[in-house]
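# Fold and geometry: a report
For reference, the chains in residue letters:
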Amino acid sequence: MSNPVSGLLSRVLNRGFRRYVRRFVRSNFNAVRVVGHESLQQIGERSLVVYVNHPGWVDPMVAVLFTDLLLHDRKFAAPMDAAALARYPVLERLGFFGVERDSAAGAREFLRQSRRALGNGHTALWMTPAGRFHDVREAVPFQSGLSHLVDRDFIGGVLPMALEYVFWNERRPELLARFGPAIDCRTLPEDRAERTAFLEQRLGEQQTELTRQALERTGGGCERLLAGASGIGGVYDAWRRLTCWLRGGSFDARHESPPGGGQT
């Protein structure tokens, strides 16, 4: 029997952590810009696996943020190194589950925990199948966990999502994300190695397109989901503010008007 007090505590922690993540991203990024998230509408009520490249330590917080902004009616779940999770056990209440890396037992536990989470059709499971940090321009082979979990019989939805953090014209970086089209699992190769290669290719295509957009430095085609902190601060912005006031204008700390619409 579930413990109602424990369930209430988990819900309170989840709401608090999602608010913390949103504040953290606002404070540390100029904007969150996303393209292709209409693919999420193709999933419907099915369980969902989103697999992502792994450019930095902030990636899990980005997954929590997008669950909050784009999938707010879903539960968050994500595998995490068991040793790291042991140091922060409260994260288990937030949807993270521990997996031992580079062991057969860890692989079995990953599949057990993932299938258990996905048994709830309102769960979004986030994965970084490369299993290590890597540059966005680097093609990193996947570990086998994703292709063990996702095959032709998988009835949930599967989406690749590329991430990149870039500096443009502001003091803080842009958080860029690109979702690919939903994958029809019935078309996946039967052979597991071929299936892994197919899933790698689908994510690689999104990384290539996102890098192209990052090089344009305009955010063209991206929707701004969240506006963060702007300006340089200190004497520089104080002088700009004074100059603007003397001219009778309204002060905007950004160097340029932000491209794209969306939430602020």
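To keep things clear, this report deals only with the structure shown in the data block.

Rules and cut-offs
- Residues numbered from 1 in each chain as written.
- Predicted model: local features only at pLDDT ≥ 70, side-chain atom pairs only at ≥ 80, totals over all residues.
- Heavy atoms only, no water.
- Helix = DSSP H or I, 4+ residues; strand = E, 2+ residues; numbered from the N terminus.
- Buried < 20%, exposed > 50% of the residue type's maximum accessible area, 1.4 Å probe, protein only.
- Contact = heavy atoms within 4.5 Å.
- Pairing = 2+ DSSP bridges.
- Axes fitted to C-alpha atoms, helices over the stretch in contact; angles between N-to-C directions.
- Expected span 1.5 Å × (residues − 1).
- Phe/Tyr/Trp six-rings, centres within 6.5 Å; stacked < 30°, edge-to-face > 60°.
- Patch = residues over 30% accessible without salt bridge, like charges linked within 9 Å, V, L, I, M, F, W, Y side chains within 5 Å.
- Areas by Shrake-Rupley, 256 points an atom, 1.4 Å probe, with all protein chains shown as cover.
- Salt bridge = Lys/Arg side-chain N within 4 Å of Asp/Glu carboxyl O.
- Lys, Arg positive; Asp, Glu negative; His and termini not counted.
- Charge placed at Lys NZ, Arg CZ, Asp CG, Glu CD.
- Core = buried A, V, L, I, M, F, W, Y, C linked by side-chain atoms within 4.5 Å.

### Some words on the overall build of the chain
When helices and strands are counted, the chain shows 7 helices and 8 strands. For the chain, with 264 residues in total, the buried portion stands at 47%. Counting only contacts in the chain whose residues sit at least 6 apart along the sequence, the fraction spanning at least 24 positions is 75%.

### Focus on the sheet that holds strand β1 (residues 31-35)
If you walk across this open sheet you meet the 8 strands as β4-β3-β5-β2-β6-β7-β1-β8, and the pairing is mixed. In this open sheet, the two edge strands, each paired with only one partner strand, are β4 (96-99) and β8 (223-227). Within this sheet the neighbouring strands show an average axis-to-axis angle of 25°, counted without direction. Strand contacts of helix α6 (residues 192-216): β1, β2 (48-52), β6 (157-166) and β7 (174-179), with the helix running at about 35° to β6, the strand carrying the most contacts.

### Section: helix α4 (residues 104-118)
Taking 1.5 Å per residue as the helical rise, α4 with its 15 residues ought to reach 21 Å, and the 21 Å between its terminal C-alpha atoms agrees with that figure. Three or more residues of α4 are buried, namely Gly106, Phe110, Leu111, Gln113, Ser114, Ala117 and Leu118.

### A look at the packing of aromatic side chains
For the coordinates displayed, the defined rule picks out 7 aromatic pairs. Relative to Trp57, the ring of Phe24 lies with its centre 6.0 Å away and its plane at 70°, an arrangement referred to as edge-to-face. Of the two residues, Phe24 sits in helix α1 (residues 4-28) while Trp57 sits in the loop between β2 and α2 (59-70), which places them 33 residues apart along the sequence. In this structure Phe24 comes out as buried when scored by relative accessible area, which is 18%. For Trp57, a relative accessible area of 60% gives the class exposed. When the ring of Phe66 is compared with that of Phe179, the centres are 6.2 Å apart and the planes differ by 55°; the resulting orientation is tilted. Of this pair, Phe66 sits in helix α2 while Phe179 sits in strand β7; the two residues are 113 residues apart in sequence, bridging distant segments of the chain. Exposure class is identical for Phe66 and Phe179. Each is buried.

### Examining a positive patch on the surface
A grouping of Arg11, Arg15, Arg19 and Arg23 is seen on the molecular surface, where their side chains present a positively charged patch. Relative to the elements of secondary structure, Arg19 occurs in helix α1.

### A short note on the environment of Ser230
Residue position: Ser230 is located in the loop between β8 and α7 (234-246). Taking the C-alpha atoms as reference points, Ser230 and Pro173, 57 residues apart in sequence, are found 10.0 Å from one another.

### Digging into α2
Taking 1.5 Å of rise per residue, 12 residues should cover 16 Å, and α2 covers 16 Å from first to last C-alpha, within 8% of that figure. Of all 12 residues that make up α2, 10 are buried, and the element is covered over most of its length.

### What about the nonpolar core?
Side chains of nonpolar character tend, in soluble globular proteins, to be buried together. Within the largest apolar cluster, 37 residues are counted, with the highest numbers of intra-cluster contacts made by Val25, Val32, Phe66, Trp126, Met161 and Phe179. The dominant element in this core, judged by the number of residues it contributes, is α2, at 7 residues. One finds Phe110, Leu111, Leu118 and Leu146 within the second-largest nonpolar core, a separate group that totals 22 residues.

### Focus: the pattern of salt bridges
Applying the stated criterion to the full structure yields 9 salt bridges. Across the pair Glu190 and Arg152 runs a salt bridge whose closest N-O atoms are separated by 3.1 Å. Residue Glu190 is found in the loop between β7 and α6, and its partner Arg152 is found in the loop between α5 (145-149) and β6; the two are separated by 38 residues along the sequence. Judged by its relative accessible area of 38%, Arg152 falls in the partly exposed class. The shortest N-O distance in the salt bridge between Glu216 and Arg212 comes to 2.8 Å. One end of the pair, Glu216, and the other, Arg212, are both in helix α6, 4 residues apart, so they sit about a helical turn from each other. Here Glu216 falls in the partly exposed class, since its relative accessible area comes to 40%. For Arg212, a relative accessible area of 37% translates into the label partly exposed.

### Regarding unusual backbone geometry
Despite not being glycine, Asp102 shows a phi value in the positive range, around 60°. With respect to the element layout, Asp102 can be found in the loop between β4 and α4. A relative accessible area of 75% places Asp102 in the exposed class. Although it is not a glycine, Arg217 adopts a positive phi angle of roughly 60°. Counting through the fold element by element, Arg217 comes out in the loop between α6 and β8. A relative accessible area of 37% places Arg217 in the partly exposed class.

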